[in-house]
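# Analysis of the macromolecular model
Listed below, chain by chain, are the residues.
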Amino acid sequence: MVAKKGNKGGMGGEDAEEELTRVPLQAILLADSFATLFRPITLERPKVLLPLVNAPMIDYTLAWLESAGVDEVFVFCCAHSKQVIDYLENSKWFGQPNFSVTTIESYNSTSAGDALRLIYEKHVIRGDFILVTGDTVSNMPLTQALKEHKERRRKDSNAVMTMVIKQSKSSPITHQSRLGTEELFMAIDPETKQLLYYEDKAAALKGTISLDKALLMDNSSISLHNDKQDCYIDICSPEVLSLFTDNFDYQHLRRHFVKGLLVDDIMGYKIFTHEIHSSYAARIDNYRSYDTISKDIIQRWTYPLVPDVQFFGNSVTKLERQGMYRASDVELSRSAKIGPFTVIGSGTKIGNYTEVSNSVIGEGCVIGSDVSIDGCYIWDKVTIEDGCKLKHAIVCDGVIMKSGAVLEAGVVLSFKVIIGSRFVVPAYSKVSLLQQPVKQDSDEELEYADNSSGNIEIATLSNAAEKLEEELRTELSDSQIQSVSEVGNGGAGFIWSVSEGGHDEEWRHSVAPIPMDRLVEIIKNATDELDISNEDGNILPPSGELEPDSVNDSDEDVRDDSVQFEKEVEATFLRAVNENVKEDHVILEVNSLRLSYNLAATDCAGALFYAMMKLALDAPHGSPGELVKNVAAVITKWNKLLKYYLPSIDEEIEVILKFEEMCLESTKEYSTLFVQILHLLYDKDILEEDAILNWASEKEEADESDKLLLKQAEKFIQWLNEASEEEE
Amino acid sequence: MPDVQSMVNEFVIKLKKRKVEGSKSTAKLTAELLRSFISQQRLPHSNQAGALIDAVKAVGEKLIAANPVELAVGNVVRRVLHIIREEDLSLTTAAVGGLSLAAESDDENDTEQDDHPVLSATAVAAAARNALRPPSLQTLLEDIPHSAVAPPTSSSGGDSEGKSKSADKNSMTRKLKHNVIEAVNELIQEISTCHEQIAEQAVEHIHHNEVILTLGSSRTVMEFLCAAKEKKRSFRVFVAEGAPRYQGHAFAKELAGRGLQTTVITDSAVFAMISRVNMVIVGAHAVMANGGVIAPVGLNMVALAAQRHAVPFVVLAGVHKLCPLYPHNPEVLLNELKSPSELLDFGEFSDCLDVGSGTGSPLLHVVNPAFDYVPPNLVNLFITDTGGHNPSYIYRLIADYYSADDLVVRRKSAS
């Protein structure tokens, strides 16, 4: 019945305006983060169903939407969609008065962009809607933000989106240490609150951000913020959906959509911000923010979404002294020490002399004696035998830790893993019953990348997961007999290897606090960065993990690219020679290569020239004289092709430089023939005399070692000079 | 039935999400909900009172569990239970006739005793107290409508009183339900008019040129003060702002708008100002059976200051705020810890709340309790709709309004 109404709201204008007043408030909840930061846990259970302080994340989001006055929620499920739908059907969210929850299932969406395109096709959104992900925890009231949004829309139909932001103290480390994200820069018009610039990968930019000059010309004032936090709560107009459909390459909400809109000034769509002050909003992006937000919930910043208020379906929990939340039927030994800010779920038993602090323990866990648990998240039905030690770890459902096992900081144990007795799980390792997929993507890349590959992989894996699990179950009995598995005597599970180079990055997104030395490093880097920007950037960048894309790296990247490009061009050229491909086709191919490697036209000329010289060199030759002949032959044959890429002097100079480089580095054979070939090229009209003269004058200032070839060519250049003078 | 069930569920959700706040509105909504619940309840032919009590208890348990901090819910549920018992008692006694009053009431209690053998002792004790207690003003007042209603029943069933009891029951069922609903209506009326009832007594307590101190905001206090003003009393009011919600600001504004001399002070200035104050008048969240008060945070401090300077500390409380429980039980004294964002801005302090560095636990904790407990020895006077009472007299009021059987609503229905 919803679909019949159509999507008139998408047209904008007065019609939409009237409609806005009477349509129920709708929300789209993406129950899939399209990221892999929570692997290996998310291979077996969708992220939105992971317990956050003993209630699934999606319950927080739905409870908030409900209390904020949303009438209709569309839950978009992709990965593990069955589990999400099953959960929602069994929970009471369906059939609530005045709050309808509808699920939209998809099997092949790989990004938020795909999801929104699919929802657009369904024609269910009729007016302004709230766009959130299923891992948002908030208690903000929406009325004010909605009112502002609608008012702006009335004045300007191009104001398609309002983004909720929150102040967050700008210290060099808080972005990293609170939410595990990089620093976020935003430029906002202080009067209209329009968002003008958005950059969430600021660290890669080395402390400098570049703003479009037009921004400063068009706006009377701009305030630049690095102390804002993006809550990932957006109030969108229906146009947003059609925009996603129009721009089918938009995948990521922020990186593509927001930045795309900000850059695109043809359509003139605008994004505004709404800052919240007293209320709470945050999104769980990675293990670090999972930790932070759990603690914020325990500290009651999210009131009324706290454990002792039954906001939805969570079991009755009482808040006792010092922020200790205890469910009604917990069996606690008298000698057990339960520290402040802990949550203990119902049916859990805790043995003698066990110490628990700053942790969340789920339902139905059995914890033995002399266990020490600090800063851990232990989910449901976990068994921890005597004498185990856990520090800053996440332990999923059904895990068994045999006596004396130790988890070092930052460990993640996925579902039903068994840790052998006295086994020490090294810091930051992730253990799962499922084997690590062969293809390894760096976590960070995937989070932000288009990650089409990553998600398909998940889908297939999750199907395979059940089978695998069963196999493992049967194997499990065998593994008892098996002497030593990967996780200790009698254990079951595979330790996932961290991606190469990623080991240093693990601490960023782990639940464990950042180690002291790292902190010092971050602070040092941050202050160094400041120095750089102050002192004109002439100092070498400090080395360290914080800048994965430091200047050196990016230079290398570019070089890598161009080497790759040269090889490709060479191959293309050789094919052309061998298979007699037409010149036009070669040009076409080289051009497409150039585009795909994003290089300049000058590079083409250089590469092509290089390929030709290589060809000449590879042809059989006895003496330098024959080599020159070879070169002459090749050049004459492909004269037109090369000429095509030499439209101006710049390219010609590039060719000379390239040739020089070859003589000095790769193909020493040419070094003695430099002048001869230069002359040849001049004769064949490939190089103009201006180009050669320019090159020579440029080289005049170079080091002595570089002048080797210049000296060789001295006479030739002199002759050129004289020739030109004569002409005059 | 499903209709009323969904109403109950809706209200439970509202309570759970803390969407209904303030004891008066909660009490009123609870009473209205129970009224419609009772009116739609079908009763069996025998022992309707017991069935009705069980049904109300089942709902009451849900409501109380939804927000255990809001004691008004439990109070109203217990009041309604008490009403059912009283009505039942008066009906049966009327039916049996005035002569065998004591015996029949025992008999009725015996049937109840069969239903709930666990509480037999208390039931007997309650019955004994019912029978033995000297008629208080309240019971005398309540009895008048009962006797007025009773005669038709006795006349209809009078001729064959013992034998045709079952036939009689039918009319009695309707009678009982009708009477209970009438009485619940009275209760709702009483809750909604408690402000006026209390305010009427204002002139007896506030005198010329006095200085009154209050903290935070309370509708009852507002009506009370304004009633005194209308009676041409001239006095000054000090309003402590009531951090962290600062409801005192709005309260002072409204007082000034109504033409009262008002001064706003910070909470921390209360002790400095108390020597100039003639009387402290405050509202309450709940009044416990021992005369202790659960009140908005900050009031314990005010009460201590008042005691130090021998300033009368007066608490205004509608009868629905009387809670028959004692505050020894930690479950009763549950405090509501609100969001710390009322105290300070999350953004400004987010660097102190950092868990990602150091030991993993934040160094800054913010605690924002909603309530204080003021012990009975700090309170000089309670003013309820029935008049002024000493803290030590509260237990007596509670005996008037609640039946001892209903004190534990939850455990009993579970057993």
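Definitions and cut-offs
- Residues numbered from 1 in each chain as written.
- Chains lettered and ligands numbered in written order.
- Predicted model: local features only at pLDDT ≥ 70, side-chain atom pairs only at ≥ 80, totals over all residues.
- Heavy atoms only, no water.
- Helix = DSSP H or I, 4+ residues; strand = E, 2+ residues; numbered from the N terminus.
- Buried < 20%, exposed > 50% of the residue type's maximum accessible area, 1.4 Å probe, protein only.
- Contact = heavy atoms within 4.5 Å.
- Areas by Shrake-Rupley, 256 points an atom, 1.4 Å probe, with all protein chains shown as cover.
- Disulfide = S-S within 2.5 Å.
- Pairing = 2+ DSSP bridges.
- Salt bridge = Lys/Arg side-chain N within 4 Å of Asp/Glu carboxyl O.
- Buried area = accessible area lost by both parts, 1.4 Å probe.
- Polar contact = N/O pair within 3.5 Å; in protein donor to acceptor, adjacent residues only side chain to side chain.
- Nonpolar A, V, L, I, M, F, W, Y, C, P; charged D, E, K, R; others polar.
- pLDDT = per-residue confidence, 0-100.
- Axes fitted to C-alpha atoms, helices over the stretch in contact; angles between N-to-C directions.
- Parallel < 35°, antiparallel > 145°, perpendicular 65-115°, else oblique.
- Left-handed = near helix turned anticlockwise from the far one by under 90°.
- Phe/Tyr/Trp six-rings, centres within 6.5 Å; stacked < 30°, edge-to-face > 60°.
- Lys NZ or Arg CZ within 6 Å of the ring centre and 35° of its normal.

### Quick look at the overall build of chain A
- When you go through chain A residue by residue, the secondary structure sums to 23 helices and 37 strands.
- In chain A, which comprises 728 residues, the share counted as buried stands at 57%.
- Within chain A, contacts between residues separated by at least 24 positions form 61% of all contacts whose residues are at least 6 apart in sequence.
- Here chain A has roughly 31,700 Å² of accessible surface; of this, 50% comes from carbon and sulfur atoms.

### Focus: the overall build of chain B
- If you tally the helices and strands in chain B, you get 16 helices and 10 strands.
- Relative to its 415 residues, chain B shows a buried fraction of 53%.
- Long-range pairs, those at least 24 residues apart, make up 80% of the contacts in chain B between residues at least 6 apart in sequence.

### Here's the deal with the state of the cysteines
Residue and element names in this part refer to chain A.
- Scanning all chains against the criterion turns up zero disulfides over all chains.
- Counting only cysteine sulfurs, cysteine 77 is the nearest neighbor of cysteine 78, a cysteine outside any disulfide, at a range of 8.7 Å.
- Looking at cysteine 78, the relative accessible area reads 10%, which means it is buried.
- The cysteine cysteine 236 is free of any disulfide, with cysteine 231 supplying the nearest cysteine sulfur at 14 Å.
- The exposure class assigned to cysteine 236 is buried, which follows from its relative accessible area of 0%.

### Regarding the sheet that holds strand S33 (residues 424–425) of chain A
All names here are of chain A.
- The strand order across the open sheet formed by six strands is S18-S21-S24-S27-S30-S33, and the pairing between neighbours is parallel. In the strand order of this sheet, the two ends are held by strand S18 (337–338) and S33, each with one partner.
- In this sheet, S33 lies alongside strand S30 (residues 406–407) in parallel orientation, the contact comprising two bridges. Residue pairing in the sheet places valine 406 in a bridge with valine 424 of S33.

### Considering the pairing of strand S4 (residues 72–77) of chain A
Residue and element names in this part refer to chain A.
- Of all six residues in S4, six are buried, a share of seventy percent or more.
- Every second residue of S4 is oriented toward a common face, with Glu72, Phe74 and Phe76 on one face and Val73, Val75 and Cys77 on the other, all of them buried.
- Examined bridge by bridge, S4 and strand S5 (residues 100–105) share six bridges and lie parallel to one another. Directly across from valine 75, in S5, lies its bridge partner threonine 103.

### Side note on the environment of histidine 123 of chain A
Residues and elements named next belong to chain A.
- Along the chain, histidine 123 turns up in the loop between helix H4 (112–122) and strand S6 (129–133).
- Exposure remark for histidine 123: the relative accessible area of 32% places this residue in the partly exposed category.
- Residues histidine 123 and phenylalanine 423, spaced 300 residues apart in sequence, show a C-alpha to C-alpha distance of 55 Å.

### Topic: the pattern of salt bridges
Residues and elements named next belong to chain A.
- Using the criterion set out here, one finds 26 salt bridges over all chains in the structure.
- Among the ionic pairs, aspartate 114 bridges to arginine 117, the shortest N-O distance being 2.9 Å. Placement of both aspartate 114 and arginine 117 in helix H4 is noted, with a separation of three residues, approximately one turn of the helix.
- Of the residues examined, aspartate 114 reaches a relative accessible area of 21% and is grouped as partly exposed.
- Taking relative accessible area as the criterion, arginine 117 reaches 9% and is therefore assigned buried.
- A salt bridge links arginine 300 to aspartate 308; the nearest nitrogen and oxygen atoms lie 3.0 Å apart.
- Classification of aspartate 308 by relative accessible area gives buried; the value is 17%.
- Among the ionic contacts, a cluster of salt bridges with common partners joins Lys47, Asp135, Arg283 and Asp285.

### Examining the interface of chain A and chain B
- In this assembly, 38 residues from chain A lie in contact with 36 residues from chain B.
- Each partner contributes to the roughly 3,300 Å² buried at the junction of chain A and chain B, and carbon and sulfur atoms together form 54% of this total.
- Counting every contact that joins chain A to chain B gives zero salt bridges.
- At the boundary of chain A and chain B, one finds five residue pairs in polar contact (both at pLDDT 80 or more).
- Elements represented by at least two residues in the side of chain A that touches chain B include exactly helix H2 (57–67), strand S8 (159–167), helix H6 (174–179), helix H10 (287–298) and strand S15 (317–320) of chain A.
- Of all the elements, H10 of chain A adds the most residues to the side of chain A that touches chain B, at five residues.
- In the side of chain A that touches chain B, the residues fall into 13 nonpolar, 14 polar and 11 charged.

### Regarding the confidence of the model for chain B
Residue and element names in this part refer to chain B.
- Taken residue by residue, chain B gives an average pLDDT of 79. The fraction at 70 or more is 76%.
- Between residues 131–135, whose pLDDT stays under 50, and residues either more than four places distant or in other chains, the model counts five contacts.
- This stretch, residues 411–415, has a pLDDT under 50; its non-local contacts, to residues over four places away or in other chains, come to seven contacts.
- Taken together, the chains of this predicted complex give a pTM of 0.71 and an interface ipTM of 0.77.

### Quick notes on the packing of helix H10 (residues 219–230) of chain B against helix H11 (residues 247–257) of chain B
All names here are of chain B.
- Their axes nearest at 11 Å, the elements H10 and H11 cross at an angle of 20°. Looking at the two axes, H10 sits roughly parallel to H11. Note that H10 runs across H11; the crossing there is right-handed. Contact with H10, carried on its side by Arg219, Val221, Met222 and Leu225, involves Phe251, Glu254 and Leu255 of H11 and no other residues of that element.
- Along the lines of polarity and charge, the residues of the contact of H10 with H11 split into five nonpolar, no polar and two charged.

### Section: the packing of helix H8 (residues 239–246) of chain A against helix H9 (residues 253–263) of chain A
Residue and element names in this part refer to chain A.
- H9 packs onto H8 with a crossing angle of 100° between their chain directions and a minimal axis gap of 12 Å. Taken together, H8 and H9 sit at an angle that is classed as roughly perpendicular. Here Val240, Leu243 and Phe244 of H8 lie close against H9, whose contacting residues are Leu253, Phe257 and Leu261.

### Regarding the side chain of serine 294 of chain A
Residues and elements named next belong to chain A.
- Examined against the element boundaries, serine 294 turns out to sit in helix H10.
- Taking relative accessible area as the criterion, serine 294 reaches 0% and is therefore assigned buried.
- Side-chain polar atoms of serine 294 contact the backbone oxygen of tyrosine 290, separated by 2.7 Å.
- Discounting chain neighbours no more than four positions away, the residues touching serine 294 are Leu52, Val53, Ser289 and Tyr377.

### Overview of the packing of aromatic side chains
All names here are of chain A.
- Taken as a whole and assessed by the stated rule, the structure comprises 10 aromatic pairs over all chains.
- Seen in terms of ring centroids, tyrosine 250 and phenylalanine 257 are 6.0 Å apart; in terms of plane orientation they differ by 80°. Their pairing is edge-to-face.
- Taken together through their ring pairs, the aromatic side chains of Phe38, Tyr287, Tyr290, Tyr377, Trp379 and Phe415 make up a single cluster.
- Seen from the ring of tyrosine 232, arginine 283 lies directly overhead, with NZ or CZ sitting 4.6 Å from the centre.

### Describing the pairing of strand S6 (residues 293–296) of chain B
All names here are of chain B.
- For strand S5 (residues 286–287) and S6, the ladder comprises two bridges, and the chain directions are antiparallel. Paired with valine 287 across the two strands is valine 293, which belongs to S6.
- Connecting S5 to the antiparallel partner S6 that follows it, the hairpin turn spans five residues, and glycine 291 within it adopts a positive phi of roughly 95°.
- Pairing geometry for S6 and strand S8 (residues 371–374), over four bridges, is antiparallel. Its bridge partner lying in S8, alanine 295 is registered against aspartate 372.

### A few points about unusual backbone geometry
- Residues tyrosine 303 of chain A and proline 304 of chain A are joined by a peptide bond in cis, for which omega reads 5°.
- Topologically, proline 304 of chain A is positioned in the loop between H10 and S15.
- Here the residue pair alanine 243 of chain B and proline 244 of chain B is connected by a cis peptide bond, since its omega of 0° sits within 30 degrees of zero.
- Inspection of the secondary structure puts proline 244 of chain B in the loop between strand S2 (236–240) and H11.
- One non-glycine residue, tyrosine 232 of chain A, adopts positive backbone phi at about 60°.
- Within the fold, tyrosine 232 of chain A resides in strand S12 (residues 228–236).

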